[in-house]
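Residue strings, one per chain:
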Amino acid sequence: MDFTLDFLKQALPRNTPFVDSNEAYNARLVVERVLSAFGVDGDSTNPIERLIDGLSTLNGGDSSKRFIVISDAHRLKSYGNLLIALQRLPEIINSPLTLILTSNQPYTTLRPTNGLSPDPIVVNIPSVTHKDILDYLILNRPVHIGENLHNSYLALCNFIMSSTLALNTQPKELLKITHKSWPTFIHPWKELSARPSMRDNDHLTLTFSKISKGVIQSINSSLPDHMDLLQASLPTDLTRCAQLLLIASYLASYNPPKKDIQMLSISSDKRAKRYRPRRRDIGLSKQNKKPAQNLLGPKNFSFDRWLHIYGSLLHFVSESTLTTYSLNNLKNDSRVFTDNELGQVDVLQNIAHLSRIKMVQRTCPSDRLDGMTFKCAIGYHVASNLAKSFGVKLHEFLWDIS
Amino acid sequence: MTSKRQRSSPPGRLHNKKSRVAVAVSDDTDDAEDADYSAPLRHLQRSLLATFYGWHAQPGDGDDGSETAGTISDLTGVLRGSVEHGEGNSVLVVGGRGTGKTLAVRSALAAVPTRRFIPIHLHGSVHTTDKMALREMARQIRAQGGTVTSLDALQLQVDENGEGGESTEHPEHTIDIGQSTLTALLTLLAASALPIVVVLDEFDLFAAHARQALLYCLLDCAQGGRRRGGLAVVGTTCRFDAVDMLEKRVKSRFSQRILHVSSPRTWTAWCTLARKSLSYPHVEDVAHAKQLDKFKTQWDAHVERLFDDTQFELVLKMLFDMLADIPALYRVFAIPIANATPEKAFPPAKEFLGAYASQRPTDTFYLLDTLPLPAIALVIAAKQISARDMHTFTFELVNKEYDDWARRTIYAPTAASVDMNAMTNPRIAISVWPRHILMGAFDTLVLLNLFIPVSSASALASGEMREYATHRCALENGEIRQAVEKRRDLPTSLYKWGHSWN
């Protein structure tokens with residue numbers, strides 16, 4: 001698509017508006033871009049009227065060479081009647097004007113309902129073949145690579161293509177990776193003025209393949225690394241009370257309410273309390289198996305349940321990491337400690353804070369004070385890491401682990 | 001030499017493929033030797049493409065005795081009554097999509113040349129409120145020489161008071177659209193003494209305006225003869241029940257004159273239309289008169305040959321059987337005509353067939369050809385889930401499905417990293433993709449609309465975790481199976497997985 005747009009920019013007149021609908025995120029901005037490119041303006045505040053009014057005043061120049069190019073055109077579907085107006089512009093302003101829409105989605109996804117605008121001529125841009133990508137990489141090789149190293153560069157291109165093409169088919173990105181890895185690739189070759197033989201090139205490729213972790217990482221860095229995001233969003237700046245509340249919210253969201261007593265009560269027979277049927281014990285066939293809650297997402301839970309789970313968790317936490325828990329000094333009697341904790345204004349304040357920073361999502365109207373419901377908004381890895389910091393294992397409190 | 005070649009390909013053998021090739025060669029040789037076809041071809045392209053793209057009606061449209069021709073004739077009569085005799089008329093042109101309603105109206109307007117008049121075009125899909133429609137009418141009247149100073153005052157008034165605002169004291173020439181559409185309209189129509197023809201495209205959408213005020217006022221003006229210069233209201237719609245949508249007071253002011261337009265209903269009429277669309281236009285170019293004549297003769301002969309060609313006939317038949325849609329026919333014809341060059345001025349039937357294939361509505365299926373492998377794996381995982389009667393899924397669910405499959409199939413630990421040591425054989429090594437790569441692939445699929453969000457937008461906006469946003473797959477099983485078979489770069493295990501559901 002980028003190559004198509006580059007071609008259009010070269011082939012079309014200089015005053016042709018190229019509107020990127022990611023940048024122009026509403027009808028008004030699209031119209032502004034179009035009118036300013038043509039050097040005209042319309043009277044009305046309504047974008048469609050303004051467009052028609054502005055373009056109707058167009059005169060001079062070759063009227064058959066007027067174009068409007070809109071990229072990522074599938075976004076126009078949410079811009080009201082703008083697409084219909086654009087497609088009917090030649091009729092409305094009574095002057096030839098060619099509209100070029102580019103999109104990675106078929107026209108059927110943005111076609112106005114009831115055939116309100118004429119269908120355009122569809123041109124399918126074929127996917128770039130491997131050979132074309134290779135040609136592109138070779139054509140755009142770094143200028144400082146001499147003719148003698150051409151075959152080495154070709155070997156690098158082939159290696160990059162064979163190892164990354166399954167993940168990435170963007171020629172520009174592959175070019176960036178190739179340029180970035182060239183110094184590392186050629187580093188073992190000391191005599192830069194000499195021409196490496198075929199065997200030398202194979203040796204360079206083999207050496208590079210052993211140290212190409214950085215290359216793969218550079219590809220992956222363009223994708224959202226979920227684990228990195230999680231690490232970044234680990235709520236280390238929260239109070240210990242808030243962190244424990246977060247763990248409690250996770251358990252409340254992913255455990256069935258009926259199993260709370262079994263999973264969180266303090267009993268002498270821990271094995272009996274912690275018994276969970278394995279998924280194969282349930283006796284359901286795979287066809288009818290309901291997926292685990294941690295695959296389907298968090299469920300709503302009530303405020304009271306959250307507090308009770310929090311209170312129960314305090315028992316386990318106080319047993320294992322009592323010394324690290326420094327909220328107050330009431331550590332001798334765990335019952336007193338727990339009851340006091342639950343009643344504290346601090347807990348409520350922490351809940352309000354968690355809700356405000358969206359780590360716990362409030363799922364009821366903000367004006368409701370009775371029967372408030374919440375939903376956990378952190379993932380398993382965050383909750384598990386938090387639990388570790390309290391010296392407990394999260395999966396011991398989860399009913400269904402898949 | 002040219003004459004020899006022409007003799008070697010007699011007309012009687014045109015159905016023979018070899019002879020067709022010979023004719024094409026002789027044409028090309030003519031181009032090279034005798035004539036520069038750039039000027040005649042430019043005339044042809046300009047005229048035909050302008051028609052195909054709907055920029056103007058072809059001269060002589062509607063003189064072929066068809067239903068459309070009758071409609072144009074009737075419509076012309078109605079318009080003449082308004083333009084020449086100052087009558088008030090209203091008429092509704094009804095026909096399906098792409099049958100030529102707009103073309104019929106344009107042809108009728110073009111056939112009323114005797115006296116100057118002001119045509120006003122409004123589109124129901126663009127001018128969605130009465131206010132917009134009135135402003136557009138003002139603009140068009142002004143552009144065609146009408147004096148609409150009062151409309152400027154009207155605009156100011158509306159801006160100050162808002163649509164529903166009370167207007168207290170009206171200065172001279174000031175009207176309030178919100179309060180009185182009729183007054184505004186009358187002022188508009190009085191802005192010029194010339195006859196006015198108002199064309200309302202998508203008439204049924206105007207009927208959806210509040211209280212049908214614009215329609216009521218227009219039809220009332222037309223019926224009551226409240227305008228001296230003459231007024232015609234022409235509506236076009238594809239809804240056969242458009243008149244039933246009108247309120248009683250509006251319907252009673254409509255003349256009930258309904259004209260029908262339809263696509264050619266017989267194969268012969270369809271062929272006639274196609275032949276006419278490709279015929280060389282009447283052009284007067286003194287400078288290139290000789291070349292023009294020669295090119296016209298050859299072009300007409302080429303069109304005749306096209307109609308004898310089985311491939312071209314197949315294109316026409318498919319268009320006739322499936323759509324019988326005139327714009328679709330024009331779209332198919334436009335591509336070879338636009339691609340013609342002076343060196344290859346006569347597009348063969350094969351190009352028309354290719355153009356037809358490219359204009360067929362495409363599925364999302366072809367997108368699968370360019371998808372990266374992790375995205376293909378997720379599509380297959382989504383289908384595996386839907387085979388268990390779960391038609392919506394989250395990212396976590398497809399990720400788990402993929403993870404389970406990878407454990408079963410590859411017998412490798414599904415650690416969240418790529419096996420860097422195995423880079424010498426990358427095809428095997430990258431079969432187990434880490435979670436963040438799959439997340440990127442999932443986003444790609446959502447971006448391409450292959451995975452369609454089911455969660456409401458408000459839920460996502462209010463902070464729903466994207467791993468748990470529910471989606472459904474837009475692809476059918478057959479499409480995925482075909483794509484998997486077509487992709488040559490799939491690892492064998494993934495290929496088998498793509499075939500493993502019922």
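Residues numbered from 1 in each chain as written. Chains lettered and ligands numbered in written order. Predicted model: local features only at pLDDT ≥ 70, side-chain atom pairs only at ≥ 80, totals over all residues. Heavy atoms only, no water.

With respect to the overall build of chain A
What counts, and what does not: Each helix is a run of H or I in the DSSP string that is no shorter than four residues. Each strand is a run of E no shorter than two, and both are numbered from the N terminus. Residue exposure (1.4 Å probe, protein chains only): buried if accessible area is under 20% of the type maximum, exposed if over 50%, otherwise partly exposed. Residues count as neighbours in contact if any of their non-hydrogen atoms are within 4.5 Å of one another. Each accessible area is a Shrake-Rupley estimate made with a 1.4 Å probe; only the visible protein chains count as cover when residues are assessed.
Of regular secondary structure, chain A possesses 19 helices and six strands. Here chain A, with 402 residues, has 46% of them falling under the buried criterion. Long-range pairs, those at least 24 residues apart, make up 67% of the contacts in chain A with a sequence separation of at least 6. On chain A, roughly 21200 Å² of surface is accessible, and the fraction owed to carbon and sulfur atoms is 53%.

Describing the packing of aromatic side chains
Applicable threshold: The pairing test for Phe, Tyr and Trp rings, Trp by its six-membered ring, is centres within 6.5 Å, and the orientation test on the planes gives stacked under 30 degrees, edge-to-face over 60, and tilted for anything in between. Criterion for a charge above a ring: Lys NZ or Arg CZ within 6 Å of the ring centre, and within 35 degrees of the ring normal.
The tally for this structure, following the rule as stated, stands at 25 aromatic pairs over all chains. Ring plane angle 80° and centroid distance 5.1 Å describe the contact between Phe3(A) and Tyr136(A), whose orientation is recorded as edge-to-face. On the criterion of sequence distance, the pair formed by Phe3(A) in helix H1 (residues 2-11) and Tyr136(A) in helix H6 (residues 130-139) is long-range, its members being 133 residues apart. Judged by relative accessible area, which is 34%, Phe3(A) ranks as partly exposed. Each member of the aromatic cluster is reached from another via a ring pair, and the members are Tyr250(A), Tyr254(A), Tyr380(A) and Tyr468(B). The ring centre of Phe3(A) lies 5.8 Å from the NZ or CZ of Lys172(A), which sits over that ring.

Section: a nonpolar patch on the surface
The criterion, for reference: To count toward a patch, a residue needs a relative accessible area over 30% and no salt bridge; like charges are then connected within 9 Å, while nonpolar side chains (Val, Leu, Ile, Met, Phe, Trp, Tyr) are connected within 5 Å. The term salt bridge refers to a side-chain nitrogen of Lys or Arg lying within 4 Å of a carboxyl oxygen of Asp or Glu.
Nonpolar side chains collect at one region of the surface, where Ile121(A), Val123(A) and Tyr53(B) lie side by side and expose about 270 Å² of accessible area between them. Along the chain, Ile121(A) turns up in the loop between strand S3 (98-102) and H6.

A look at the packing of helix H14 (residues 310-322) of chain B against helix H16 (residues 349-359) of chain B
Residues and elements named next belong to chain B. For clarity, the threshold we go by: Only C-alpha atoms enter the line fits that serve as axes; for helices the fit covers just the stretch in contact. Angles between N-to-C directions range over 0 to 180 degrees. The labels follow the angle: roughly parallel below 35 degrees, roughly antiparallel above 145, roughly perpendicular from 65 to 115, and oblique for the rest. Should the near helix be turned anticlockwise from the far one by less than a right angle, the crossing is left-handed, and should it be turned clockwise, the crossing is right-handed. For this classification, the nonpolar set comprises Ala, Val, Leu, Ile, Met, Phe, Trp, Tyr, Cys and Pro, the charged set comprises Asp, Glu, Lys and Arg, and every other residue, Gly included, is treated as polar.
At a minimum axis distance of 8 Å, the contact between H14 and H16 shows a crossing angle of 30°. Here H14 is positioned roughly parallel relative to H16, judged by the angle of their axes. Remark: the crossing between H14 and H16 carries left-handed chirality. Residue-level inspection shows Gln 311, Phe 312, Leu 314, Val 315, Met 318, Leu 319 and Met 322 of H14 in contact with H16, the latter providing Ala 349, Lys 350, Phe 352, Leu 353 and Tyr 356. Class assignment of the residues belonging to the contact of H14 with H16 gives a composition of ten nonpolar, one polar and one charged.

Focus on the sheet that holds strand S1 (residues 18-20) of chain A
Residues and elements named next belong to chain A. Operational definition: In short, DSSP must find at least two bridges between two strands for them to pair.
Spatial strand order, S1-S2-S3: three strands in an open sheet with parallel pairing. At either margin of the open sheet sits one strand with a lone partner, and together these are S1 and S3. Shown here is a sheet whose adjacent strand axes are inclined to one another by a mean of 15°, direction ignored. Both S1 and strand S2 (residues 67-71) contribute to a ladder of three bridges, which runs parallel. Pairing of Phe 18 across the sheet is with Val 69, part of S2.

Looking at the sheet that holds strand S4 (residues 301-302) of chain A
Residues and elements named next belong to chain A. Spatially, the three strands line up as an open sheet ordered S4-S6-S5, and their pairing is antiparallel. For this open sheet the edge positions go to S4 and strand S5 (360-362), each flanked by a neighbour on one side alone. With three bridges connecting them, S5 and strand S6 (residues 373-376) associate as antiparallel partners. Its bridge partner being in S6, Gln 361 is matched across the sheet by Lys 375. The strands that helix H12 (residues 240-254) touches are S4, S5 and S6; relative to S6, the one it contacts most, it runs at about 100°.

Let's talk about unusual backbone geometry
Unusually for a residue other than glycine, Asp72(A) sits at a positive phi of about 50°. Positive phi values are uncommon outside glycine, yet Asn449(B) reaches one of about 65°. Looking at where Asn449(B) falls in the secondary structure, it is placed in the loop between helix H20 (435-447) and strand S6 (451-453). The class for Asn449(B) is partly exposed, based on a relative accessible area of 30%.

Comments concerning helix H22 (residues 477-486) of chain B
We apply this condition: Summarising the geometry, the arc corresponds to the directions from the helix axis toward the C-beta atoms.
All buried positions along H22(B) are accounted for by Glu479(B), Ile480(B), Ala483(B) and Val484(B). With its buried residues spanning 130° around the axis, H22(B) presents them on a single face.

Regarding the environment of Ile337(B)
All names here are of chain B. Positionally, Ile 337 belongs in helix H15 (residues 326-339). On the basis of relative accessibility, which here comes to 0%, the residue Ile 337 falls in the buried class. For the pair Ile 337 and Gln 359, spaced 22 residues apart in the sequence, the C-alpha separation amounts to 15 Å. Beyond its immediate stretch of four places on either side in the chain, Ile 337 contacts Gln 45, Leu 48, Leu 49, Phe 52, Leu 278 and Trp 299.

Comments concerning the state of the cysteines
All names here are of chain B. For the record, the criterion: Only a pair of cysteine sulfur atoms within 2.5 Å qualifies as a disulfide here.
Counted under the stated rule, the structure contains zero disulfides over all chains. With no disulfide of its own, Cys 217 lies 6.8 Å from the sulfur of Cys 221, the closest cysteine sulfur. When its relative accessible area of 5% is taken as the criterion, Cys 217 is described as buried.

Examining the environment of Thr68(B)
Residue and element names in this part refer to chain B. Counting through the fold element by element, Thr 68 comes out in helix H4 (residues 67-85). When its relative accessible area of 17% is taken as the criterion, Thr 68 is described as buried. Between the alpha carbons of Thr 68 and Thr 128 there is a distance of 29 Å; along the sequence they are 60 residues apart. Thr 68 has contacts with Ala 104, Val 261 and Ser 262, leaving out every residue within four places of it along the chain.

Things to note about the nonpolar core
Where we set the bar: Throughout, nonpolar core names a set of buried Ala, Val, Leu, Ile, Met, Phe, Trp, Tyr and Cys residues whose side chains join them through atoms within 4.5 Å.
The biggest cluster of nonpolar side chains holds 46 residues, and the ones touching the most others in it are Trp306(A) and Leu354(A). Breaking this core down by element, the ones donating at least two residues are H12, helix H13 (260-264), helix H16 (303-320), helix H18 (345-356), S6 and helix H19 (380-389) of chain A. Ranked by the residues each element gives to this core, the list is headed by H12(A), at eleven residues. With sequence-adjacent residues up to four places away left out, Leu354(A) is seen in contact with Leu238(A), Ala242(A), Leu245(A), Leu246(A), Trp306(A), Met359(A) and Val360(A). Formed by 41 residues, the second largest nonpolar core is a distinct cluster that contains Leu367(B), Ile385(B), Trp405(B) and Phe451(B).

Structural notes on the confidence of the model for chain A
Residues and elements named next belong to chain A. Threshold: The predictor reports its confidence for every residue as pLDDT, a score running from 0 up to 100.
Per-residue pLDDT for chain A averages 76, and the proportion of residues at 70 or more is 76%. Per-residue pLDDT stays below 50 along residues 280-285; that stretch engages in one contact with residues further than four places along the chain or on separate chains. In this model, residues 322-331 is a region of pLDDT below 50 whose contacts with residues beyond four sequence positions or in other chains number 19 contacts.

Here's the deal with the pattern of salt bridges
Following the criterion strictly, the structure yields 22 salt bridges over all chains and no others. The salt bridge partner of Glu202(B) is Arg88(A), with a shortest N-O separation of 3.7 Å. Separated into two different chains, Glu202(B) in the loop between strand S3 (196-201) and helix H9 (203-206) and Arg88(A) in the loop between helix H4 (82-87) and helix H5 (89-93) make up a pair that spans both. The pair Glu202(B) / Arg88(A) is uniform in exposure class, with both members buried. Via salt bridges that share partners, Arg28(A), Glu32(A), Asp41(A) and Arg50(A) belong to a single interconnected network.

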